[in-house]
Each structure stands twice: as structure tokens, then as C-alpha cells.
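# Coordinates in review
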Amino acid sequence: MECDEKTNHVVSLDLSESCIYGSINSNITLFRLVHLQTLNLGSNDFIHSQIPSEIGQLSRLTHLDLSFPGFSGFSAEIPAEISNLSILVSLDLSHNLDFISSDGLLKLRQTSFRGLVQNMTNLKELDLECVDISSTVLANLSSLESLHLCGCELHGEFPASIFSLLNLKIINLCENINLTCFLPDFHPRSHLERLRLFSTSFYGKVPPSIGNLTNLVWLDLSDTLHNSTSSLSWIGRLTQLTYLGLAAWRDDCKLRMISISYNQLQGQVPKSLANCSSLQLVDFGNNQITDTFPSWLGNLVELRILILRSNHFYGVIHQKPKTKGFPSLRIIDLSGNGFIRKLPSLYLDMWEAMKSIQANHMTYMGENIRPNFTDVDTYYREYDYSMTMFNKGVKLEYDKIQDIFLAIDPSNNRFQGKIP
């Protein structure tokens, strides 16, 4: 509890995690604390009771937290009186869940989303995660810095203008399967740090301007944006990125190269890359990926360059490939990982492309991007593949890669035995 030094009025009350049990009576002393600015009742056991409408009498509140990261918080309809708290800066009603179904217990039906927040023009932090809103999102949220609406049964078109709010740092809209929108162009001065859109029905392409989000540390576009662009060149500009979730690549995936080296990406190599039969270059170098050798990439018959350098790959590269064995591979960099036991000699025998050199036909590896006359944003140009490798500790940057270039780098692992 905190009191004003001059008036002795109670201005802040933090009763979070205080083992409070039972419902809140409407005539308790709490609602007479009319000078209260901060109220935190989060993480207590309110046995699925309703939020008292009298909370709307605390008109000086700037921070209100009624969240519960468990299964015994508030339930029923959010009282319309909360909309009277017009100077709120932070509102958290998240994670009030049913113990059995894990469904959200709080509902926002009688009062619309707009009706709840339209008077809160100073609102910077809004967390309604797992609140059953079941409506569209339309409101003036120009002061927002953090927006959490995951699992709210939202539907309709999400206002794309919200992505343009320069002060916004967090947008979490995940698990709203009926929520639609397109991603607009992102401003270079955006402060966005976390963008979570997985399991929504966003459509269209990921704009190249997403590379302007240089503060981004978490990006999850998985299970959405199924018609996204075939170019991922913007990833290299997101130098702060620690988590990346991309849409599961489908059978019609036309991706030809993926280069996301020198980031801080974690997790495993996405198995859905196996659907990208046109892939020629895969570069996951210098990240924090933890996985076994992705032998399943061996079925990609056009794959020519595979760079897994300086990650946390581990284990045995099996001697008997169960795939086509990387038939077009010309460059493979496994250095700086934790692979063990023998070098995969059978793979070496299967790498047919490394056995042929056409010195009279010297070209560079790359791609001709042909115009798509149904999409005015595409154009024709040649794109040369590039990469970085190391030789005896010396960093070598290849802005272009000749077709006759061959390289195998298994260094700095724990391989044993003879060189095959």
C-alpha cells in the first residue's frame, strides 16, 4: 500500500498473490478509496466470481490489474462500468481461465471492444488475453505501447492502421483464427519489439519493409500468411531477432533461397522446408539452432548450398541416408557444431554434383526473378547468391559464387576416425 505524502490518501494498493479467496463484496471499503491510482488484485482466488461493477467508481485509476495466470480468477461479463476509467494507462484482465477446458471465463459481449476502451485515450498497455470478446477490433488506441489480444475469439478485419502506431512495442493477436488483415508497410521509426500473429487468418504477402523493424526480438507468423512472399531477404536486417516462427511451407512452396545467418535464432530447422522442392540455398549459419543433422533436406534435388556453421547441431550423421542424398549439393559447411563419430562417407559418394566441373561454362549461382504480370509489385532482375565461409580462421565473403565452386567444411566438430 502507498499513500500520498501530503494528503495521506491511499493511491496505490498491490494485493497480488496475497492468497485472497472468495468473491469481492460490492460494499467493501475498497470502493471508497476514490483517490486510488493503482490497483493490483492479480493472482488471487476469486472462485470464478464476477468483477464488481463498483470498480468503475475508482475514476482516478491509471493502472488496473485483475489478471490471473491460473484457473480460479474472475468470470462472467466484464462490467460496462470499467469504461468509466477514462484515465487508465494500463488495463490487464488476462488469463482468467476455466480449470477443465482452459477456456476464457471473462466475456465482453454486452459491451463491445470499442465500448470498453473508447474513453481510455491515455491507454498504453492493454492485455485482454483469453477474454472472450467475439467481435471486431475497432477503437482509438493511438497511445498504445502494448496490445495483447491472444485467444479472444476475434473476427473480422483487424485495423491495419494499428501497425503504424510508432510507440507500439508489442502486438499479440495469436490464436484468433477468424481474424483477418494484411500487413501494411512498416515505418523505419517503428519501435515494435514483439509481433505474434500465429493461428490467425492474415492474408497477402509479408512486406519487405518488415525489415525496418530493427528492434524486433520476437516474430511469429506461423500458421498464417500462407501466400507470403518467396523472398526472406528482410530477415538479415533484423539483427536483434531471437525467435522466428514462419508459416508452415506447403507443397506449393516456391522458395528458392533462405538466408538467415548471423542472428540469434533458436529452436530447430522447420520440417516444412521439405515442401520447398525448389530450394537451392539454405544458410542458417551463426545462430543458436539446436537440432540433429537435417538429413531430410537431402530430398531437395535442387539444393546446392547448405550452411549450418556455428550453431548447436549435435549427434551422429547417419551413414545410411534414407533420402536422395543431396544430389545437387556443391557446398556444405558443418563447422562449429557438435557432430560426433565418423564422417558420413556414404553421403560423399552420393554427392554427384561435386564430381563434375564444367570449367567451360563458368556462371554464377543465382536466380532470375521473372515478372509476374498479375502482381504489379514484381519485376525482373538477376539475383546472385552470396555466402560467408572460413578458411583457417580467415573470414571469406563471397558476393558471388561461381558454379564450379566446391567446398566441404566439417571442422570444429567432434568427428572421429579416418578421413574418407
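Residues numbered from 1 in each chain as written. Predicted model: local features only at pLDDT ≥ 70, side-chain atom pairs only at ≥ 80, totals over all residues. Heavy atoms only, no water.

## Brief notes about the packing of aromatic side chains
Each aromatic ring pair is described using two quantities: the centre-to-centre distance and the angle formed by the ring planes. Here the structure, examined in full by the defined rule, presents ten aromatic pairs. Ring centres of Phe46 and Phe74 lie 4.4 Å apart, and the angle between their planes is 15 degrees; on these two criteria the pair is classed as stacked. You can see Phe46 sitting in the loop between strand S3 (38-40) and strand S4 (63-65) and its partner Phe74 sitting in the loop between S4 and strand S5 (76-77), a full 28 residues away along the chain. Judged by relative accessible area, Phe74 falls into the buried class, the value being 1%. Ring geometry for Phe293 and Phe326: centres 6.0 Å apart, planes at 50 degrees, overall tilted. In this pair, Phe293 is assigned in the loop between strand S19 (288-289) and strand S20 (305-307) and Phe326 in the loop between strand S21 (314-316) and strand S22 (331-333), connecting sequence segments 33 residues apart. (Phe/Tyr/Trp six-rings, centres within 6.5 Å; stacked < 30°, edge-to-face > 60°. Helix = DSSP H or I, 4+ residues; strand = E, 2+ residues; numbered from the N terminus. Buried < 20%, exposed > 50% of the residue type's maximum accessible area, 1.4 Å probe, protein only.)

## So, the pattern of salt bridges
Tallied over the full model, the rule gives seven salt bridges. Notably, a salt bridge pairs Asp132 with Arg109, separated by 2.7 Å at the nearest N-O pair. With Asp132 in the loop between strand S8 (125-127) and strand S9 (146-148) and Arg109 in the loop between strand S7 (106-107) and helix H1 (113-117), this pair connects stretches of sequence that are 23 residues apart. Given the relative accessible area of 13%, Asp132 is considered buried. On the accessibility criterion, Arg109 (47% relative accessible area) is partly exposed. Across the pair Lys355 and Glu352 runs a salt bridge whose closest N-O atoms are separated by 3.4 Å. Salt bridges sharing partners connect three or more residues here, namely Lys107, Arg109 and Asp132. (Salt bridge = Lys/Arg side-chain N within 4 Å of Asp/Glu carboxyl O.)

## Looking at unusual backbone geometry
Although it is not a glycine, Ser310 adopts a positive phi angle of roughly 55 degrees. Position of Ser310 relative to the elements: it lies in the loop between S20 and S21. Of note, Arg341 is a non-glycine position whose phi angle comes to about 65 degrees, a positive value. With respect to the element layout, Arg341 can be found in strand S23 (residues 338-342).

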